Amino acid sequence: MSKSPKLKEKIAWGIGGMPEVFYVWGVQQLIYPIYNIALGLSPALIGIVIGIRTLWDAFTDPFMGHLSDRLRTRWGRRKPFMLVGIFASAFAFVAVWWAPAALPTSALFSYLLVSLLIFTTASTIYFVPYLALGYELTDDFNGRTALQAYRFAFMKIGSFAVPWLYFITQLDIFESTIAGMRALAIGAACLFLVSGLCATLFVKEDQSRTIKRNKIGFMTVLKQVGTNKTVLHFLTIILLLGQGVQIVNSLSLYVIIYYIFDGDKQSAAALYATGNSVYFIASFLAIPATAWLAKRIGKVRTFQISCAIVCVASLSKFFFFSPTMPLLIFIVYLMMAPGMSGFNLLRASMVADLVDEDQFQHGERREGVIAAIDQWSFKVTAALALMLTGLILQLSGFDASAGAQTEAVTTRLRIMFSVIPAVGAAMSFLIAITYPLTERRMNEIRAHGDIKV
């Protein structure tokens, strides 16, 4: 018989996902405007920091998942890590944005590297067990999508604020962009604590249904999961679409500032924030529709529809990001919202299915490790996007010290801004055709009799 959490637990666990908005999207959207435009650190050096952080994540995420799977305490396997992680990551997030002004390049590079690595480690301690806890809450195929809908609904609420952060740093109440960012970082950290504690304190971790783990070493676990063909199939689909979209997320503010508004940062920040707010509202409204459609035609087919929407919306950016009619940008955001909402929601639900499939193959239930690999792939996507953003900016001839960019520079940015995510979405659509974990296949796996949650 399938188990399902109570409504209050679904809501509490969903609220716990809000910090991810700032941990991932906040850093992604602000690191270049703050460290490149405001502090003058070159895009190439920022890209190096992101690369080192990605290598660090490659180890810490799976290792944290392994520890979380193996821990046994009176408070559970996940909650002790979550409690430590939410406090540590809140303080570390503030530190990232408190770089002392007028540091020489080498010192600024070092500060960003160290503070970001500390923050990354702290957020891993919270998020990997948090995600694993969610995968344990229900074993129902469609119920998993419904549960993840709560998480993404609250994430969209938090996402509404993210695009306004850079705009707020430009307000006259702050003496500088850096001063504004420092104040906002403190406010965001307080939000982290409240939302993270909701999931930690008000979601019951049912240890009575946890199967006994064999004493398999960390490297053996990684090898087993890493050679699972279904896991690799899933990651390929996710990385192709996610990579393209993440790259242009970092470029969008540059296109708006230097193409639509010819270097006017304040006007650009206002349009950028408003457009993203429209996007997040539309994404929020698309969540129940996505869950409904997935229940009726299946997760994979709904995922493919999401890919197709993203492909069309991405190509439209070349035409609708216009200096003569700036408000056309809203059409792009309204088109992109249901596609990305479906992509993110179904991705999370499909990961829970991977846990069952992995147990079917290896006899071990490893929510933490599977969650960590998915979380790491998500971070890799964001990290590679940030590194490629720096490379694209360098290759395009972008000059941060200039008030405006040449037409050749903006044209190059616009082409990549439109084509890269469209290609990734199209490839994800095609590869998803053969994805094996349909509802029928998951029912066959559970009917085998060895799947326990």
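Located above this text is the structure these notes cover.
Given the structure is predicted, the values throughout are model-derived calculations rather than measurements.

K.L.:
What exactly am I supposed to notice about helix 3 (residues 43–70) here?
P.N.:
For an α-helix, the turn length of 3.6 residues means that residues three or four places apart are oriented alike. Its 28 residues place the ends of helix 3 40 Å apart at the C-alpha level, agreeing with the 40 Å of an ideal helix rising 1.5 Å per residue. The sharpest bend along helix 3 reaches about 30° and sits at Asp57.

K.L.:
Would you mind going over the environment of Tyr111 with me for this structure?
P.N.:
Among the secondary structure elements, Tyr111 is positioned in helix 5 (residues 105–137). Distance in space between the C-alpha atoms of Tyr111 and Gly143 is 44 Å, their sequence separation being 32 residues. Polar side-chain contacts of Tyr111 include one of 3.3 Å to the backbone oxygen of Trp98.

K.L.:
Please clarify how the pattern of salt bridges should be interpreted in this entry.
P.N.:
Charged atoms that come close allow side chains of opposite charge to pair. Enumeration according to the criterion identifies 10 salt bridges in this entry. The residue Asp356 makes a salt bridge to Arg144 at a minimum N-O spacing of 3.0 Å. Here the residue Asp356 occupies a position in helix 13 (residues 329–362), and Arg144 occupies one in helix 6 (residues 141–159), the gap between them amounting to 212 residues. Overall, the relative accessible area of 2% leaves Arg144 in the buried class. Glu444 is paired through a salt bridge with Arg440; the nearest N and O atoms lie 3.8 Å apart. Of this pair, Glu444 and Arg440 both sit in helix 16 (residues 439–447), 4 residues apart, which is roughly one turn of the helix. The class of Glu444 is partly exposed, set by a relative accessible area of 41%. Through salt bridges with shared partners, a single ionic network connects Asp69, Arg77, Arg78, Glu136 and Glu367.

K.L.:
Can you help me understand helix 13 in this one?
P.N.:
Here helix 13 spans 49 Å end to end across 34 residues, near enough to the 50 Å set by a 1.5 Å rise per residue. The buried fraction of helix 13 amounts to 26 of the 34 residues, a majority that puts the element mostly inside the structure. The first or second residue beyond helix 13 is Gly363, which carries a positive phi of 75°.

K.L.:
Help me understand the packing of helix 10 (residues 229–260) against helix 13 in this model?
P.N.:
In a pair of packed helices, the angle between the axes and the distance between the axes together describe the arrangement. Packing of helix 10 against helix 13 brings their axes to within 11 Å, and their N-to-C directions diverge by 150°. Comparing their axes, helix 13 and helix 10 come out roughly antiparallel. Once helix 10 is placed against helix 13, the crossing between them reads as left-handed. In this structure, helix 10 uses Thr230, Val231, Phe234, Ile238, Leu241, Gly242, Val245 and Ile256 to contact helix 13, whose residues at the interface are Ile329, Tyr333, Met340, Phe343, Arg347, Met350, Val351, Leu354 and Glu357. In the contact of helix 10 with helix 13, the residues fall into 13 nonpolar, 2 polar and 2 charged.

K.L.:
Looking at this model, I keep getting lost on the side chain of Thr145. Mind explaining?
P.N.:
With respect to the helices, strands and loops of the structure, Thr145 is situated in helix 6. Apart from residues lying up to four places away in sequence, Thr145 is in contact with Ala291, Lys299, Leu345, Leu346 and Ser349.

K.L.:
I tried to follow the environment of Phe318 on my own but got confused; where do I start?
P.N.:
Looking at the secondary structure, you find Phe318 in helix 12 (residues 299–320). Distance from Phe318 to Ala269, taken between C-alpha atoms, is 19 Å for residues 49 residues apart in sequence. Sequence-distant contacts of Phe318, that is, excluding residues within four places in its chain, are made with Arg414, Ile415 and Ser418.

Reading guide: rules and limits
- Residues numbered from 1 in each chain as written.
- Predicted model: local features only at pLDDT ≥ 70, side-chain atom pairs only at ≥ 80, totals over all residues.
- Heavy atoms only, no water.
- Helix = DSSP H or I, 4+ residues; strand = E, 2+ residues; numbered from the N terminus.
- Expected span 1.5 Å × (residues − 1).
- Bend = angle between axes of the 7 residues up to and from the residue.
- Polar contact = N/O pair within 3.5 Å; in protein donor to acceptor, adjacent residues only side chain to side chain.
- Salt bridge = Lys/Arg side-chain N within 4 Å of Asp/Glu carboxyl O.
- Buried < 20%, exposed > 50% of the residue type's maximum accessible area, 1.4 Å probe, protein only.
- Axes fitted to C-alpha atoms, helices over the stretch in contact; angles between N-to-C directions.
- Parallel < 35°, antiparallel > 145°, perpendicular 65-115°, else oblique.
- Left-handed = near helix turned anticlockwise from the far one by under 90°.
- Contact = heavy atoms within 4.5 Å.
- Nonpolar A, V, L, I, M, F, W, Y, C, P; charged D, E, K, R; others polar.

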